[in-house]
Amino acid sequence: MDDLRELRREYEALLDRLQRNEREFRRLGRAVWRVQEDERRRLARDLHDGIGQNLTALKHRLSQLGEATDDPDVRSGLAAAVQLCADTLEDTRELSRLLRPPILDDLGLEAALRWLARSVGESAGIEVGVEIEPLPALDGDLQTLLFRVAQEALNNAAKHAQASQVLLRVVARAGLLQLQVVDDGRGCDPDAALRSGGSGLGGMRERLRLYDGRLDMHSAPGEGTRLRAVVPLDAR
Ligand SMILES: Nc1ncnc2c1ncn2[C@@H]1O[C@H](COP(=O)(O)OP(=O)(O)O)[C@@H](O)[C@H]1O
Ligand SMILES: [Mg+2]
């Protein structure tokens, strides 16, 4: 009888330790993502304010020099340099927005998702519909998480699916937040797709798990793809 009680005590202590390790693992995982987002936010700002502003000044200066000369060769050389500055400035701004769009911090998830859908739709030439139910106030980590999942899903629909229509839906119900991205493209093997790591779908699935969330994908060749992320609203 004593042996049994002892065994039970050991088992409970072990279980307790496992649960504590699991909590610590999640805490660390979330901290890593938070550090990455902070770094991206800083880089995005440096790119926009530092390099971006210098390029603007350079472009202005070159076009002043072009106006001040009568030599046609110098003029056309400077005009080409001004154009190069303008293109590089546009690329710099685009890169900065992709790293961490300021709209996410300034206006929140809903506005950021509408911007993302418009921007991916325009650059890929596909129609991206957006349906977002009124959302409750969301914690910053959760907003970033859902934005990154949507970004990956929409980029995949543009890059891999050859879709002509994509729908992004967000609903909040029964304490859960659901984000769905549905496309009418060529489809794929979901098990293989979810196996990728890094910032792809597999990485997003792991990232969602750190917040007690999950990622499901339904897809078959020729039938389009339906991706659904679900996360509890009170995920801590
Ligand atoms: N919407 C989609 N339509 C068709 N294939 C997809 C879709 N999303 C993902 N895939 C497939 O799953 C693979 C893994 O996707 P992902 O993890 O995002 O990595 P990556 O985009 O870097 O290739 C893609 O290479 C593609 O073959
Ligand atoms: Mg991808």
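A brief look at the structure comes next. Not measured: the values here are computed from a predicted model.

This part covers unusual backbone geometry. Residues other than glycine seldom take positive phi values, yet Gln162 does so here, at roughly 50°. Looking at Gln162, the relative accessible area reads 63%, which means it is exposed.

Sheet strands pair by backbone hydrogen bonding; their relative direction is either parallel or antiparallel. With mixed pairing, the 5 strands of this open sheet are ordered in space as β1-β2-β3-β5-β4. The outermost strands of the open sheet, each flanked by one partner alone, are β1 (127-132) and β4 (214-219). If you compare each strand with its neighbour and ignore which way they point, the axes differ by 10° on average. Where β4 meets strand β5 (residues 225-232), 6 bridges bridge the pair, whose relative direction is antiparallel. When the sheet's bridge partners are listed, Asp216 is paired in β5 with Arg228. Contacting β1, β2 (165-173), β3 (176-183), β4 and β5, helix α5 (residues 140-159) runs over the sheet at an angle of about 10° to β3. Helix-sheet contacts for helix α7 (residues 201-209) involve β4 and β5, and the interaxial angle to β4 is about 145°.

We now examine the site of ligand 1. Near ligand 1 lie 15 residues; those nearest to it are Glu152, Asn156, His160, Ser196 and Leu201. With respect to ligand 1, the side chain of His160 contributes an N or O atom lying 2.8 Å from an oxygen atom. The separation between an oxygen atom of ligand 1 and a polar main-chain atom of Leu201 is 2.8 Å. Coverage of ligand 1 by the protein chains reaches 74% of its 540 Å² of free accessible surface. Sort the elements by how many residues they give to the shell around ligand 1 and α5 lands first, with 4 residues. Broken down by class, the residue content of the shell around ligand 1 amounts to 6 nonpolar, 6 polar and 3 charged.

A word on the packing of aromatic side chains. Inspection of every chain in the model, using the stated rule, returns 0 aromatic pairs. Between the NZ or CZ atom of Arg30 and the centre of the ring of Tyr211, over which it lies, the distance is 5.5 Å. Over the aromatic face of Trp33 sits the side chain of Arg207, whose NZ or CZ is 3.8 Å from the ring centroid.

Examined against the element boundaries, Leu58 turns out to sit in helix α1 (residues 2-68). With relative accessibility at 42%, the residue Leu58 sits in the partly exposed group. For Leu58 and Val82, which are 24 residues apart along the polypeptide, the C-alpha to C-alpha distance reads 8.3 Å.

Before going further, it helps to spend a moment on the coordination of the magnesium ion (ligand 2). Within the protein, the atoms that donate to the magnesium ion (ligand 2) are Glu152 (OE) and Asn156 (OD1), at distances of 1.9 to 2.1 Å. Of this pair, Glu152 and Asn156 both sit in helix α5, 4 residues apart, roughly one helical turn. Note on Asn156: relative accessible area 15%, which makes it buried.

Rules behind the numbers
Residues numbered from 1 in each chain as written. Chains lettered and ligands numbered in written order. Predicted model: local features only at pLDDT ≥ 70, side-chain atom pairs only at ≥ 80, totals over all residues. Heavy atoms only, no water. Buried < 20%, exposed > 50% of the residue type's maximum accessible area, 1.4 Å probe, protein only. Pairing = 2+ DSSP bridges. Helix = DSSP H or I, 4+ residues; strand = E, 2+ residues; numbered from the N terminus. Axes fitted to C-alpha atoms, helices over the stretch in contact; angles between N-to-C directions. Contact = heavy atoms within 4.5 Å. Near = heavy atom within 4 Å. Polar contact = N/O pair within 3.5 Å; in protein donor to acceptor, adjacent residues only side chain to side chain. Areas by Shrake-Rupley, 256 points an atom, 1.4 Å probe, with all protein chains shown as cover. Nonpolar A, V, L, I, M, F, W, Y, C, P; charged D, E, K, R; others polar. Phe/Tyr/Trp six-rings, centres within 6.5 Å; stacked < 30°, edge-to-face > 60°. Lys NZ or Arg CZ within 6 Å of the ring centre and 35° of its normal. Donors = N, O, S within 2.8 Å, 3.2 Å for Na, K, Ca; no water.

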